Amino acid sequence: MSNPSNGQIANVLNETRLFPPSETFAKQAVIGSLRSYEELYKESIEDIEGFWAKQAREHLHWFEPFHTTLEWKNPLAKWFIGGKTNVSYNCLDAHVLAGNGDRIAFHWEGEPGDRRTITYAEMLNDVCRFANALKQLGIEKGDRVSIYMPMVPELAVAMLACARIGAIHSVIFGGFSAEAISDRNNDAQAKLLITADGGWRRGKALSLKDTADEALAKSPTVEKCIVLKRIDNAPNMTPGRDVWWHDLVANASEDCPATSMDSEDSLFILYTSGSTGKPKGIRHTTAGYNLYAKRTFEWVFDHREGDVFWCTADCGWITGHSYIVYGPMSAGATQVMYEGAPNWPQEDRFWEIIERYRVTILYTAPTAIRTFIKWGDHHVDKHDLSSLRLLGSVGEGINPEAWMWYYEKIGGGRCPIVDTWWQTETGGIMMSPLPGAIACKPGSCTRPLPGIVPRVLGHSLADVEANHGGMLCIEKPWPGMLRGIWGDDERYQQQYWSLVPGMYLTGDNARRDDDGYYWIMGRIDDVINVSGHRLSTIEVESALVSHPAVAEAAAVGRPDDIKGQAITVFVTLKNHEPTDAMREMLKKHVRKEIGALAVPDDVRFTSSLPKTRSGKIMRRLLRDIAAGKEGTGDTSTLEDYTVLVRLRNDDES
Ligand code: PRX
């Protein structure tokens, strides 16, 4: 685990089991042997530009060819300069024109049990009509459009329609609060918000439009709001601002040629947490991102015709962008999309869905896998999962016990597991087993994908030896890399490119073992990973301090069996009693400020926060306390850490 204050990283995991792909799997795989992987990898890094140029020519449709593969003025990269393409064309028109319009794009299932099957031709039609509707509302190339929707096919339609006309989308996860939405609207200066009256979650109709209305009251740049009818709860519609989706598309033409976009035109912004309080708008562009999402999907998921792919992520996160919409759809994949919770109406919903649609590839998160283990094997045993041939994991490290359960119980011992390491910033998967070529080790994301050159550096910025932990950096640019932080060039430079000159700093610690396998060892900054989603401790602290009763707050992550990390906050109150009611009030406050995923698991009141002599909060100490390594477990009373501080002040200041 990482320990940022002294630079030492202890390696606590010693996993030696090796799971090579079966002969049957390897024989049919796109990349079917270690040798093929190694040859491809070597070719890719010996001539990075030549490699990607060839990939781009073969795997994207170009309205006009590019003349220069890469311009790299550290930290600014431009890929496929001069080229013109359109991401929605590559995801839709390309397949319809090739005669595959009847292929199913989505088997969609709503939480209450409603189902729809949508072909690529139908999807193209819907996207064109909605794109024309956007134009009717005055949306033009370069305008920012926020999308705040449940997991319904129209969410993908909205994203692709923006891409079709060159509007830049910013998808905001449906679980975020009004504050989080208005912050994002304002940072991106969004002109339009696309939302729904609501969505279903655990049997309840959530009223998204109410939250959207609250956000819009504080989003002066947003002129219009499109509302999809999903739960039929007759929401408040503001005349002149709000329009129903169905009214807009009713008369819209289905003829909407894809706009010719420059390779480096922005495709989307996606907000993620960094080590400071303000979420950063990660900016991705057109051709490089599209190529990277498509090729990594094909390599890692060994995609072939006949596969039914199910990524259980929400489109509000990068995983949904790259491995529901842009990667799989560019590859013409058939997918499952599910709206709701895994335990509705019963804890076997996922297994029922896999059986119904004969899913062949399942891509989910370790936090979900740990939850399934807790719910019990009997839910799995009720269903036939024999259609599965490959499993994937994303968002955080998967512990070997969960890996083994996933492998045996879900995969029946026959499916390789691709443990995919990547980030919002990287646009697509950076390290993962190629399932027909690289033997898996439980808990390791194994080896880099073609074109990716990882380095593990110590504090002196020299490469560390095998089996030693250090900062994970990426040496060379790659097409899917972020192009910046929206409106903040300085933060982009400072955050990713200043500590190690010339290299991309991932913010993760890692080690490489004797076989060249990589093991991710947690973050080097104050970012906590809750259920595979990044949150900055400072964001949670700012939310707490904005409550009038709070004088000071510190948030830390602590290990949690299900979520990976849980949030513990230490709070000093201003002349208020530390009661359970206050604890609940503060939790509610964080929910309102950020959203349910940021609600602290433990709120501990303290008369003062432990600080170094220079006034810095001693997070290491708080992390230990939160993890139960020190102090008393009673959290209902007022705690006082001054004694501990006095004891430890010397080695911390
Ligand atoms: O710390 C790593 C962890 O999640 C971070 C990226 O979070 P985000 O941008 O929200 O994207 C999540 C989905 C790609 C990383 O810096 N992480 C992601 N995948 C893994 C992981 N940690 C260990 N193993 C992984 N497979």
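Structure first, text after, so check above.
These numbers were taken from a predicted model, which means no experiment stands behind them.

Rules and cut-offs
Residues numbered from 1 in each chain as written. Predicted model: local features only at pLDDT ≥ 70, side-chain atom pairs only at ≥ 80, totals over all residues. Heavy atoms only, no water. Disulfide = S-S within 2.5 Å. Buried < 20%, exposed > 50% of the residue type's maximum accessible area, 1.4 Å probe, protein only. Pairing = 2+ DSSP bridges. Helix = DSSP H or I, 4+ residues; strand = E, 2+ residues; numbered from the N terminus. Axes fitted to C-alpha atoms, helices over the stretch in contact; angles between N-to-C directions. Core = buried A, V, L, I, M, F, W, Y, C linked by side-chain atoms within 4.5 Å. Contact = heavy atoms within 4.5 Å. Polar contact = N/O pair within 3.5 Å; in protein donor to acceptor, adjacent residues only side chain to side chain. Near = heavy atom within 4 Å. Areas by Shrake-Rupley, 256 points an atom, 1.4 Å probe, with all protein chains shown as cover. Nonpolar A, V, L, I, M, F, W, Y, C, P; charged D, E, K, R; others polar. Phe/Tyr/Trp six-rings, centres within 6.5 Å; stacked < 30°, edge-to-face > 60°. Lys NZ or Arg CZ within 6 Å of the ring centre and 35° of its normal.

Draft legend 1. Representation of the state of the cysteines in the model. A full pass over the atoms with the stated rule returns 0 disulfides. In this structure Cys 128 is a free cysteine whose sulfur lies 5.3 Å from that of Cys 256, the closest cysteine sulfur available. Cys 128 sits in the buried class, given a relative accessible area of 4%.

Draft legend 2. Just the sheet that holds strand β22 (residues 469–474), in detail. If you walk across this open sheet you meet the 4 strands as β21-β22-β24-β25, and the pairing is antiparallel. The two strands at the open ends of the sheet, each matched to only one other strand, are β21 (454–457) and β25 (518–523). Taking each pair of neighbouring strands and ignoring which way they run, the sheet shows an average axis angle of 45 degrees. The pairing of strand β24 (residues 504–512) with β25 spans 4 bridges and is classified as antiparallel. Each bridged residue has a counterpart across the sheet, and for Arg 511 the counterpart in β25 is Trp 519.

Draft legend 3. Highlighting the nonpolar core. Membership of the largest hydrophobic core comes to 122 residues, with the highest contact counts inside it found for Phe 130, Leu 134, Ile 194, Trp 245, Phe 301, Tyr 326 and Met 329. It is helix α6 (residues 153–165) that contributes the most residues to this core, 10 residues altogether. Ranked by size, the runner-up nonpolar core spans 40 residues in total, among them Phe 173, Phe 176, Val 571 and Met 582.

Draft legend 4. Fine view of the sheet that holds strand β4 (residues 104–109). Across the sheet, which stays open at both edges, the 7 strands sit in the order β5-β4-β17-β16-β18-β19-β20 with mixed pairing between neighbours. Sheet topology places β5 (115–119) and β20 (417–420) at the edges, where each strand pairs with a single neighbour. Here the strands of the sheet are splayed against their neighbours by 20 degrees on average, with no regard to which way each runs. As paired strands, strand β18 (residues 361–364) and strand β19 (residues 390–394) are joined by 4 bridges and run parallel to one another. For Thr 364, the partnering residue across the bridge sits in β19 and is Ser 393. Sheet contacts for helix α12 (residues 349–357): β4, β5, β16 (308–311), β17 (334–338) and β18; angle to β4, the most-contacted strand, approximately 145 degrees.

Draft legend 5. Looking closely at the side chain of Thr 85. Inspection of the secondary structure puts Thr 85 in strand β3 (residues 84–85). At 2.6 Å, the side chain of Thr 85 forms a polar contact with the backbone oxygen of His 61. At 3.1 Å, the side chain of Thr 85 and the side chain of Asn 90 are in polar contact. Every residue in contact with Thr 85, bar those within four places of it in the chain, is listed here: His 61, Trp 62, Phe 63, Asn 90, Thr 259, Ser 260, Met 261, Thr 286 and Ala 287.

Draft legend 6. Summary view of the site of the ligand. By nearness alone, 17 residues border the ligand, and Asp 419, Thr 420, Thr 424, Asp 508 and Arg 534 come closest of all. With respect to the ligand, the backbone of Gly 397 contributes an N or O atom lying 3.4 Å from a nitrogen atom. Side-chain polar atom of Asn 529 to an oxygen atom of the ligand: 3.4 Å apart, as the coordinates give it. Summarising the interface, the protein chains cover 94% of the accessible area of the ligand, which totals 540 Å² for the free molecule. Grouping the constituent residues of the shell around the ligand by class yields 5 nonpolar, 7 polar and 5 charged.

Draft legend 7. Main features of the packing of aromatic side chains. Within this structure, the stated rule accounts for 40 aromatic pairs. Taken together, a centroid distance of 5.6 Å and an interplanar angle of 40 degrees make the contact between Phe 297 and Phe 301 tilted. For the pair Phe 297 and Phe 301, one class covers both residues: buried. With a centroid separation of 5.4 Å and 20 degrees between ring planes, the pair formed by Tyr 496 and Tyr 504 is classed as stacked. Overall, Tyr 496 belongs to the buried group, its relative accessible area being 3%. The buried category is assigned to Tyr 504, whose relative accessible area is 0%. Connected via pairs of aromatic rings, a cluster forms that spans Trp 72, Trp 478, Tyr 492, Tyr 496, Trp 497 and Tyr 504. Just above the ring of Trp 108 sits the side chain of Arg 116; from NZ or CZ to the centre is 5.7 Å. Directly above the aromatic system of Tyr 517 lies the positively charged group of Lys 441, at a separation of 4.4 Å from the ring centroid.

Taken by themselves, the reported measurements are silent on function.
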